[in-house]
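Take a look at the letters that make up each chain.
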Number of protein chains: 2
Amino acid sequence: MIEWKNFDSLESYGELAKAECVKLAEVMSGESGAERVKAYSVPMAAGMVYNYAAKQVDENVLAVLKKLAKEAQLSEKYKALYNGEMINTGEKRLVLHQLTRGQLGDKVVADGTDKRAFYVEQQERIAEFAKKVHSGEITNAAGEKFTTVVQIGIGGSDLGPRAMYLALENWAKKHNTFKMEAKFISNVDPDDAAAVLGSIDVAHSMFVLVSKSGTTLETLTNESFVKDALKKAGLDASKHMVAVTSETSPLAKSDDYLAAFFMDDYIGGRFSSTSAVGGAVLSLAFGPEVFAQFLEGAAEEDKLAAKEDLLQNPDMLDALIGVYERNMLGYPATAVLPYSQALSRFPAHLQQADMESNGKSVNRFGEPVNYVTGPVLFGEPGTNGQHSFYQLLHQGTDIVPIQFVGFKNSQIGTDVVIEDSTSQQKLCANVAAQIVAFACGKDDENLNKKFEGGRPSSIIIGEQLNPKALGALLAHFENKIMFQGFVWNVNSFDQEGVQLGKVLAKRVLAHETDGALQVYSELLNI
Amino acid sequence: MIEWKNFDSLESYGELAKAECVKLAEVMSGESGAERVKAYSVPMAAGMVYNYAAKQVDENVLAVLKKLAKEAQLSEKYKALYNGEMINTGEKRLVLHQLTRGQLGDKVVADGTDKRAFYVEQQERIAEFAKKVHSGEITNAAGEKFTTVVQIGIGGSDLGPRAMYLALENWAKKHNTFKMEAKFISNVDPDDAAAVLGSIDVAHSMFVLVSKSGTTLETLTNESFVKDALKKAGLDASKHMVAVTSETSPLAKSDDYLAAFFMDDYIGGRFSSTSAVGGAVLSLAFGPEVFAQFLEGAAEEDKLAAKEDLLQNPDMLDALIGVYERNMLGYPATAVLPYSQALSRFPAHLQQADMESNGKSVNRFGEPVNYVTGPVLFGEPGTNGQHSFYQLLHQGTDIVPIQFVGFKNSQIGTDVVIEDSTSQQKLCANVAAQIVAFACGKDDENLNKKFEGGRPSSIIIGEQLNPKALGALLAHFENKIMFQGFVWNVNSFDQEGVQLGKVLAKRVLAHETDGALQVYSELLNI
C-alpha cells in the first residue's frame, strides 16, 4: 500500500539530519581515496558507470539513505508509475514517458488503448515516414529530396530534442547515418524564426510543428511565420509540414500537414524526447535506427532504476545523494558539467527537466512543505567552464555540488598529439583533475591561492557518446528527478507555476491592464 | 584617501541588515504600483533605462544604499581604477578595460606607454587589416577573398566575443554591414575543432588565435588542430592566421601569423570583449565601424558609472541592490533573462564575468571574509525560459532575483500578426507580464495554483539591440560586477581558483599521480 508522506514526516529524515557528512579532503586522500574511487561505483546502462566517491557520503549516510528509500517507498512508487497508476494527481493523468521506450510492468490501458502499443505504433509510423523522405519517395513539389528538417516548438518540444540532436550530430556524420540537417525555431521573438528561415533553403525543408494541445501561442505564431515564408517562396505549405500533437488537438486531422504523429497527455513536455516529439526530428535527421538505439539505452537504464537495492540503482542513488546535499547540507544549486562539446545544450535541457519538475512549494495534496525542494541547476561543457565560472565553484563562499560526465573516446576520432598527449586525453585528464581538486583542495600560505576542498562531485563515465549512451544518460536524469520528487512528495509532473504569466501577457495584448502592468506595457511600447 | 575595508566593518552594513525590505505584492499593486514603475527608473547609455520598481527596495533601503556607496568609496575606487592605480593588487596590475573604449580621467602610462593611445592604435590596426580583408587586398594564396573568420580561444577569449557576435549577427545582416561569418573553437574536446573545421571552407577561412600569454593549453592545442587541417588541404597556415596576444608573448613576433594585434596584462580575459580580443573577430565579421559603435555605447555607460549620485548611476545602483539581495535577503542565485533570441549566449558570458570575478572567499588582502560574495548566475532567453525553468522561479522554495532585458523593436523587422498582435508585441507583453506575476503573485484556494509573489526583478529596456546598445549593456554589467567587488572588498580581477585544476591535469598527463587521481585516470582510460 503506497502512502504519500512528506519528507520531514519520515523517521529517516531526522536520522539523515543527524548523520555526519564525511570530510572529503581526508577520505579522498592517499590509499583510502583510491579504494573509495574503486568502491563507490555503480554500473549504468550502455556500459557506463556512476561514480560517487567524491560525494560527502559514507557507509553511515548510505545506510540512512537506504532506509529513506524504503520508507519513502521509492521502488513501489516507480512501479506504480510504470504500471499505469495516476501519479500526476494534480492533472489526474498517468505518467508514461518510460513506456515510450519499453514495458517494465503490466500492460497499461488508457482511453481504451494499450499505451505501449500506441507509442510503438507512432514510432513505426515515424520510421516509415522518415524512410520515405530519405529515399525520395516523399519529396517537395518539384520532386526533389528534402535536405533540412526544422522543428517548431518551445520548452520540452525544443530543449530536449535540440540537445539530443546536437549530442548525436557528429556521431551520425562519422557513422554515415546523417540524413538531414536539423534547425529549431522556438522563441516568439520574431528574429528567431526570421534568422532560421534566412539560413535555410525553404524549398528543401521539412517543418515539424510540435504542440501537444495545438494551442501553444509561440508555436502557432512561428508556424504562421513559416507558412508566410513558404507562401512567399511560391510553395505549398501543406507539402512541407508535419505535426506532432495529441490525437484530440485541432492539428491532428488537418489538411495543413503531410502527416501527423501522436503523443498524449501522459507524456509531459520535458519528458517527451523519447516520444514522437523527439522521434520525428531525430528520425528524420539521423534515421529511425539511430532513434531506436537511443530508446534502447533509455529502456535499459529504466530497468536499472527498478532495482530495489539502492547501491545497485544509479538513478535512485544519485537522487538520494542530491536530497542529502539539498536538505541536510543546505546547498542551493547544482552544476551539470559534461566534458563533451556535443553535450553543450544537455544542461539546458536538464535545467528544464529538473527545475520545472521539482521547483514546487506544495506537496501533491496542495499543502505547503516545510523543507526546500528542487535546486537551481545550471551548467556548461568542460573544459570551457574551467575558464569561466569554476572560480566560484572552487573558491566561492557557497558550495555547489557538481555532476560531471566524461567519455573515454571522442565521437569523430580526429585528434592531434601535443606535448605527448591527444586532445581527448587532455579532456579526460582535466575532468579527473577537477574532481580531486574540488574534493581535496590544496593548502597555501597565501590564502588567495588556498583551496579548501570539501566540494562534492560525482561523475558518469562512458565509452563514447553514442545513441545508446545518450538514451541511458537522459533516462538517468529523468529517473533521478522522479525519485527526488517522490522523496519531496511533490507532483513532479505538473507546472502550474507557468500559468499566471500567460494570463497576464494575454491581458497586456488585449490592452486590459492597469497599474504597474499598464506602465510597463507603455515603457515597452506595446 | 581610499581605504579598503570589509563590507561588515562598515556602519551601513549593520543599518542595511536592519532595513526592512518592502512587500512587493503590496507596493506593486494598484495606483501606487504604477507610480513606482514611473519613479524607479534611471537612464542608461544608448537611450536605455534601468527600471528597478520590482526590487524589494524603498526610500529607506535606498538611503542606506546611498550611505553604503559613500562609505565604501565606490566612486573614488572607480576613479582610482580608471586613473590607473593598481587595483588588481593580487597580481600587481592595473585594470584598464574601460580604457579600451574611452578615457574618463587622467592619462594612464604603464610600461612607458600611454595606454589609451596603445588601445586606440590596436583598434586602428585591426580596422585597417579588416578593411583590407574585406576589400580583397588581403586574400588567400589563390587570390580569393576570405569569407569566414574562426576565433580560437577559451574562456574570456571565447564567451564574450561569441555572445557579442551572436547579438549583432542579424542586425548586421539587416544593415548590410555583415562581412564574414564567424565561428568559434574553444574546447579541448577534439570534436569541437573537428566539427567546426568540418562545417567551413578552410581555403576561405581566416583564423584568429587568441591567447594573452601565448601558453593557454586548449588554445595552442586547437591551433595545431587547425594547422593540421590547413596543411592537409594544401594550404600555408601562416597565410590564414592572425594572433591576438600580448606584446611579450611568443606569438607576438612569430612568422606563423599574417599579423598580430595586442592586448596586455591590464585587461582580464572576461573583460576583454572591447579590446583586440573582441575587436579582431567583430571587426572582421561586421566591419570596424560596427565595432566602433559598440565601443561608443560602452564608453557612454562607463561615463554614467562615474556619477556620484547613486540614483543617477544605473550600474552602481544595480550593484548595490544585488548586494542587498545577496547579503541581507540571503538569495544565493541570480537569473539574467533577456527577451531577445540574439542575446542567447549573453547570460553565459555574464556567468563567467560575474562568477569568476566575485566568486571569492578572501578579501583583497587574502583574509577570509565573514559574508557571502558573488552569487551563482544563470539564464536563458525569454520566452523560451518561461516554458522551462520559470516554474521554480515562480513557485520554488528559494527566491531567485531576476534581471530582465527587453527591446521595443526586433532586429530584422520581419514579423507576423496573429490574434491582433505581432510577435514582437507578444514578446514584450510576456516580459511585462512576468515582472508583475513575480512581484504581485495571485491568490488561489488551490495552493498548487497560488503564486506568493514577492519575487524581485528589474528590467533594462532599450529601443533595439544595436551595436551601441550592446556596448552599453555589456559595460553596465562589467561595472556592476566591479562595484560589487568593491563592496565585498574582494579582488575581482584575479582568478587563482582556476590554477589547481590545471596543475593536477598536467600531473595526470605526465602519469605522475597516485591515490584517487590515479584511479580516476584509469577509469577514464588516460
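In the block above lies the structure referred to throughout.
My aim in this report is to walk through the structure given alongside it, one point at a time. Note that this is a predicted model, so its numbers are computed, not measured.

**Considerations on the overall build of chain A**
What chain A contains, in helices and strands, is 18 helices and 15 strands. Computed over the C-alpha atoms, the radius of gyration of chain A is 24 Å, within 12% of the 24 Å expected from 2.2 N^0.38 for a compact globule of 526 residues. Counting only C-alpha atoms and orienting by the principal axes, one finds that chain A spans roughly 70 × 60 × 55 Å. Across the 526 residues of chain A, 66% fall into the buried class. A sequence separation of at least 24 residues applies to 73% of the contacts in chain A between residues at least 6 apart. With 50 positive and 67 negative side-chain charges, chain A shows a spacing of 2 Å between the two charge centroids.

**Description of the relation of the copies chain A and chain B**
For the pair chain A and chain B, the superposition axis carries a translation of 0.0 Å, the fit reaches an RMSD of 0.0 Å, and the rotation angle comes to 180°. Such values leave the two copies arranged in the relation of a two-fold axis. Take the interface residues of chain A: 98% of them recur as interface residues in chain B, which is what a same-surface contact looks like.

**A closer look at the interface of chain A and chain B**
Facing 130 residues of chain A, the contacting portion of chain B comprises 128 residues. Of the roughly 11,000 Å² buried at the junction of chain A and chain B (both faces included), carbon and sulfur atoms supply 65%. Considering only the side of chain A, the residues that lose the most area to chain B are A:His387, A:Tyr520 and A:Leu524, jointly responsible for 7% of the buried surface there. For the pair chain A and chain B, the interface holds 6 salt bridges. Among the ionic pairs, A:Lys449 bridges to B:Glu496, the shortest N-O distance being 3.1 Å. For the interface between chain A and chain B, the tally reads 44 residue pairs in polar contact (both at pLDDT 80 or more). Top element by residues in the side of chain A that touches chain B is helix H15 (residues 423-440) of chain A. It accounts for 15 residues. Partitioning the side of chain A that touches chain B into residue classes produces 58 nonpolar, 51 polar and 21 charged.

**Brief notes about unusual backbone geometry**
Of note, the bond from A:Gly382 into A:Thr383 is cis; its omega dihedral lies within 30 degrees of zero at 10°. For A:Thr383, the position within the fold is in the loop between strand S11 (376-378) and helix H14 (390-395). Within the chain, B:Lys92 stands out as a residue other than glycine whose phi angle is a positive 55°. Positionally, B:Lys92 belongs in the loop between helix H5 (74-82) and strand S3 (109-110). We note that B:Asn525 has phi near 65°; this positive angle belongs to a residue other than glycine.

**Remarks on the pattern of salt bridges**
In a structure, side chains of opposite charge can pair up when their charged atoms sit close to one another. This model, assessed by the stated rule, comprises 52 salt bridges over all chains. Via salt bridges that share partners, A:Glu11, A:Glu15 and A:Lys67 belong to a single interconnected network.

**With respect to the nonpolar core**
In this structure, A:Tyr520 and B:Tyr520 are the most contacted members of the largest nonpolar core, which totals 297 residues. The contact partners of B:Tyr520, leaving out residues within four places of it in the chain, are A:Met28, A:Val37, A:Asn51, A:Ala53, A:Ala54, A:Ala432, A:Ile435, A:Val436 and A:Ile459.

**Quick notes on helix H6 (residues 115-135) of chain A**
At 3.6 residues per turn, the α-helix brings residues three or four places apart onto the same side. Residues and elements named next belong to chain A. Here H6 spans 30 Å end to end across 21 residues, near enough to the 30 Å set by a 1.5 Å rise per residue. Turning to H6, its buried residues are Lys-115, Arg-116, Phe-118, Tyr-119, Gln-122, Ile-126, Ala-127, Phe-129, Ala-130, Val-133 and His-134. N-capping of H6 is provided by Asp-114, with a side-chain oxygen placed 3.1 Å from the backbone N of Arg-116. Directly after H6, the chain includes Gly-136, whose backbone phi takes a positive value near 90°.

**A look at the environment of A:Ala259**
Residue and element names in this part refer to chain A. Checked against the element boundaries, Ala-259 lands in strand S9 (residues 259-263). Put simply, Ala-259 and Lys-239 are 20 residues apart on the chain and 9.4 Å apart in space, counted from C-alpha to C-alpha. Setting aside residues no more than four positions away along its own chain, Ala-259 makes contact with Phe-129, Met-241, Val-242 and Ala-243.

**Considering the sheet that holds strand S2 (residues 49-51) of chain A**
Residues and elements named next belong to chain A. Taken in spatial order, the 6 strands line up as S1-S2-S15-S12-S10-S11 in an open sheet, and their pairing is mixed. Two strands lie at the open edges of the sheet, namely strand S1 (41-43) and S11, each paired on one side alone. Along the sheet, successive strands turn relative to each other by an average axial angle of 20°, direction set aside. As defined by bridge partners, strand S10 (residues 333-339) adjoins S11 across 3 bridges and the pair is classed as parallel. Note that in S11 the partner of Thr-334 across the bridge is Leu-377.

**Here's the deal with a negative patch on the surface**
A grouping of A:Asp111, A:Glu121, A:Glu124 and A:Glu247 is seen on the molecular surface, where their side chains present a negatively charged patch. Turning to its location among the elements, A:Asp111 is positioned in the loop between strand S3 (109-110) and strand S4 (113-114).

**Focus on the sheet that holds strand S8 (residues 241-246) of chain A**
Pairing between the strands of a sheet is mediated by backbone hydrogen bonds and can be parallel or antiparallel. Residues and elements named next belong to chain A. A sheet is described by the order of its strands in space; here 5 strands give the open sequence S6-S5-S7-S8-S9, paired in parallel fashion. With one partner strand each, in any of the chains shown, strand S6 (181-185) and S9 form the two edges of the open sheet. Adjacent strand axes in the sheet meet at a mean angle of 20° when their direction is disregarded. Examined bridge by bridge, strand S7 (residues 205-210) and S8 share 4 bridges and lie parallel to one another. In the sheet register, Val-208 faces S8, and the bridge partner there is Val-242. Strand contacts of helix H7 (residues 159-174): strand S5 (148-152) and S6, with the helix running at about 155° to S6, the strand carrying the most contacts.

Conventions and cut-offs
- Residues numbered from 1 in each chain as written.
- Chains lettered and ligands numbered in written order.
- Predicted model: local features only at pLDDT ≥ 70, side-chain atom pairs only at ≥ 80, totals over all residues.
- Heavy atoms only, no water.
- Helix = DSSP H or I, 4+ residues; strand = E, 2+ residues; numbered from the N terminus.
- Rg over C-alpha atoms; globule rule 2.2 N^0.38 Å.
- Buried < 20%, exposed > 50% of the residue type's maximum accessible area, 1.4 Å probe, protein only.
- Contact = heavy atoms within 4.5 Å.
- Lys, Arg positive; Asp, Glu negative; His and termini not counted.
- Charge placed at Lys NZ, Arg CZ, Asp CG, Glu CD.
- Least-squares fit on C-alpha atoms with pLDDT ≥ 70 in both.
- Buried area = accessible area lost by both parts, 1.4 Å probe.
- Salt bridge = Lys/Arg side-chain N within 4 Å of Asp/Glu carboxyl O.
- Polar contact = N/O pair within 3.5 Å; in protein donor to acceptor, adjacent residues only side chain to side chain.
- Nonpolar A, V, L, I, M, F, W, Y, C, P; charged D, E, K, R; others polar.
- Core = buried A, V, L, I, M, F, W, Y, C linked by side-chain atoms within 4.5 Å.
- Expected span 1.5 Å × (residues − 1).
- Pairing = 2+ DSSP bridges.
- Axes fitted to C-alpha atoms, helices over the stretch in contact; angles between N-to-C directions.
- Patch = residues over 30% accessible without salt bridge, like charges linked within 9 Å, V, L, I, M, F, W, Y side chains within 5 Å.
- Areas by Shrake-Rupley, 256 points an atom, 1.4 Å probe, with all protein chains shown as cover.

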